[in-house]
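# A look at the structure
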Amino acid sequence: MLPGPSTGPAADGSPASPPSAARLIQAVPNVSEGRQSEVLRELAGAADGHGAHLLDWSADPSHNRSVFTLAGSADGLAAAVLRLAGLAVRHVDLRRHRGAHPRMGAVDVVPFVPLGETPMGDCVDLAHRVGRALADRFGIPVYWYEEAAVEDRRRPLEAVRRGQFEGLAARMRDPDWRPDCGPPAPHPSAGASAVGARPPLIAFNIDLTTDDLAAARRIAGRIRERDGGLPGVKALGIRLPHRGIAQVSTNLVDYRRTSLDALVDAVVREAGALGVEVGGTELVGLVPADALPPSGVDRLRIAGFTPDRILDVRLRRAAGLPGPGAGT
């Protein structure tokens, strides 16, 4: 993972102008680029400043994906996402893109998350606003998902992204899967984007000490909610050729229903039943403080974990942003 820059003043040297806690929003845009260091740093620079605070960013070459965590006002985040999208459209060509992570767009997904006292409705409004702007400015078809979805079948991200970029053109010809806004065909190189509003989500990957993809997929099938596994857990089994291992890649969409330590315990148990061992784990982005186990973070096996990976800590360090509790 490439480390992100520390939070500070805007890129142009102007002081930060944080919003009030009552209207603080988090954005976590995911870009389908995880290998070109200069492009990644340019994207990170574009995401920061003018009402948007870049709290964290990371990139993975096997996934070929980068994740940016921002907090700020609705206006600041809208502008930051559009700056980021402009660079992504310029640099990412999905016709040549290869990576382990599912994707359908250069700017693959943009979720907005309410923080502090912000109502979910503010994030829904912002998702619709940013989605329309992406469509109008860059000619990108946009699907709204989770709380921003206008149809129940489009709520789950995995339903919207099914078939990925390669199947997008055929899927969009189906009247039931026309985009919510934007052109009725994919952008030639940037595909389509999913823009949504949702509660906090923890992206958490669990490494196996083998490159056995079948084992990773079997474990993922046993732990994910849709197949009768753990509540609030989504999971995929993938192979990471850059590291020579297989990985159980998870999204913990409700850490109050299934805790991080319960998730790790379940994967260790299922792996053991297959004669496979678990190595380390990987936290993608930041984690709310109240999602960490009371018994200590060591049992989660997160490689290189420090307090800087806690959302509440990053928010306190960003000038004027609220402290503990903002990520809950």
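Predicted, not measured: the structure shown is a model, and the values here were computed from it.

Looking now at the packing of aromatic side chains. Per the stated rule, a full pass over the model turns up two aromatic pairs. Taking the centre distance of 6.1 Å and the plane angle of 20 degrees together, the rings of Trp 57 and Phe 68 count as stacked. Here Trp 57, found in strand β3 (residues 52-60), pairs with Phe 68, found in strand β4 (residues 65-72); they are 11 residues apart in sequence, far enough to count as distant. Side by side, Trp 57 and Phe 68 carry an identical accessibility label, which is buried.

So, on to the sheet that holds strand β9 (residues 233-240). Strand order across the open sheet formed by four strands is β9-β10-β8-β11, with antiparallel pairing between neighbours. Strands with a single pairing partner mark the edges of an open sheet, and in this sheet they are β9 and β11 (278-284). Neighbour-to-neighbour, the strand axes of the sheet open up by a mean angle of 20 degrees, direction not taken into account. Sheet analysis places β9 next to strand β10 (residues 245-252), joined by eight bridges and oriented antiparallel. Residue pairing across strands places Ala 235 opposite Thr 250, the latter belonging to β10. Sheet strands touched by helix α6 (residues 213-223): β8 (202-208), β9 and β10. Its angle to β9, the strand with the most contacts, is close to 175 degrees. Lying over the sheet, helix α7 (residues 260-273) contacts β8, β9, β10 and β11, oriented at roughly 25 degrees with respect to β8.

The next thing to look at is the environment of Leu 115. Tracing the backbone through its elements, the reader meets Leu 115 in the loop between β5 (107-114) and α3 (120-138). Residue classification places Leu 115 among the buried positions, given a relative accessible area of 1%. Sequence-wise, Leu 115 and Pro 186 are 71 residues apart; in three dimensions their C-alpha atoms are separated by 33 Å.

One way to put it is that helix α2 (residues 74-91) packs onto α3 with a least axis distance of 10 Å and a crossing angle of 35 degrees. Judged by the sense of rotation from one axis to the other, the crossing of α2 with α3 is right-handed. Residue-level inspection shows Ala 74, Asp 75, Leu 77, Ala 78, Val 81, Leu 82, Ala 85, Gly 86 and Val 89 of α2 in contact with α3, the latter providing Leu 126, Arg 129, Val 130, Ala 133, Leu 134, Arg 137 and Phe 138. Taken together, the residues of the contact of α2 with α3 sort by class into 12 nonpolar, one polar and three charged.

A word on the confidence of the model for the protein. Chain-level statistics for the protein give a pLDDT mean of 90 and a share of 90% at 70 or above. Here residues 321-328 scores under 50 on pLDDT; set against residues more than four positions off or in separate chains, the count is 29 contacts.

To continue, consider α7. In this model α7 runs 20 Å from its N-terminal to its C-terminal C-alpha over 14 residues, within 8% of the 20 Å that 1.5 Å per residue would give. Taken together, the buried positions of α7 are occupied by Leu 260, Asp 261, Leu 263, Val 264, Ala 266, Val 267, Glu 270 and Ala 271. Positive phi shows up at Gly 275, right after α7, with a value of about 75 degrees.

Glancing now at the packing of helix α1 (residues 37-47) against α2. As a packed pair, α1 and α2 sit with axes 8 Å apart at the nearest point and diverge in direction by 160 degrees. When the axis of α1 is compared with that of α2, the two are roughly antiparallel. Judged by the twist between their axes, the crossing of α1 over α2 is right-handed. For the pair α1 and α2, contact is made by Val 39, Glu 42, Leu 43, Ala 46 and Ala 47 and by Ala 80, Arg 83, Leu 84, Leu 87, Ala 88, Arg 90 and His 91, respectively. Split by residue class, the contact of α1 with α2 holds eight nonpolar, one polar and three charged.

Next up on the list: the nonpolar core. Judged by nonpolar contacts, the single largest core of 48 residues is most densely connected at Leu 43, Phe 68, Leu 70, Leu 77, Phe 112, Leu 134 and Val 195. Examining the composition of this core, we find that 10 residues originate from one element, α2, more than from any other. With 32 residues, the next largest nonpolar core counts Ile 202, Ile 206, Leu 252 and Ile 302 among its residues.

Another point: the pairing of strand β6 (residues 142-146). With respect to burial, β6 is a largely interior element, five of its five residues being buried. Pairing of β6 with strand β7 (residues 193-197) involves five bridges; the strand directions are parallel. When the sheet's bridge partners are listed, Val 142 is paired in β7 with Ser 193.

What counts, and where the lines are drawn
Residues numbered from 1 in each chain as written. Predicted model: local features only at pLDDT ≥ 70, side-chain atom pairs only at ≥ 80, totals over all residues. Heavy atoms only, no water. Phe/Tyr/Trp six-rings, centres within 6.5 Å; stacked < 30°, edge-to-face > 60°. Helix = DSSP H or I, 4+ residues; strand = E, 2+ residues; numbered from the N terminus. Buried < 20%, exposed > 50% of the residue type's maximum accessible area, 1.4 Å probe, protein only. Pairing = 2+ DSSP bridges. Axes fitted to C-alpha atoms, helices over the stretch in contact; angles between N-to-C directions. Contact = heavy atoms within 4.5 Å. Left-handed = near helix turned anticlockwise from the far one by under 90°. Nonpolar A, V, L, I, M, F, W, Y, C, P; charged D, E, K, R; others polar. pLDDT = per-residue confidence, 0-100. Expected span 1.5 Å × (residues − 1). Parallel < 35°, antiparallel > 145°, perpendicular 65-115°, else oblique. Core = buried A, V, L, I, M, F, W, Y, C linked by side-chain atoms within 4.5 Å.

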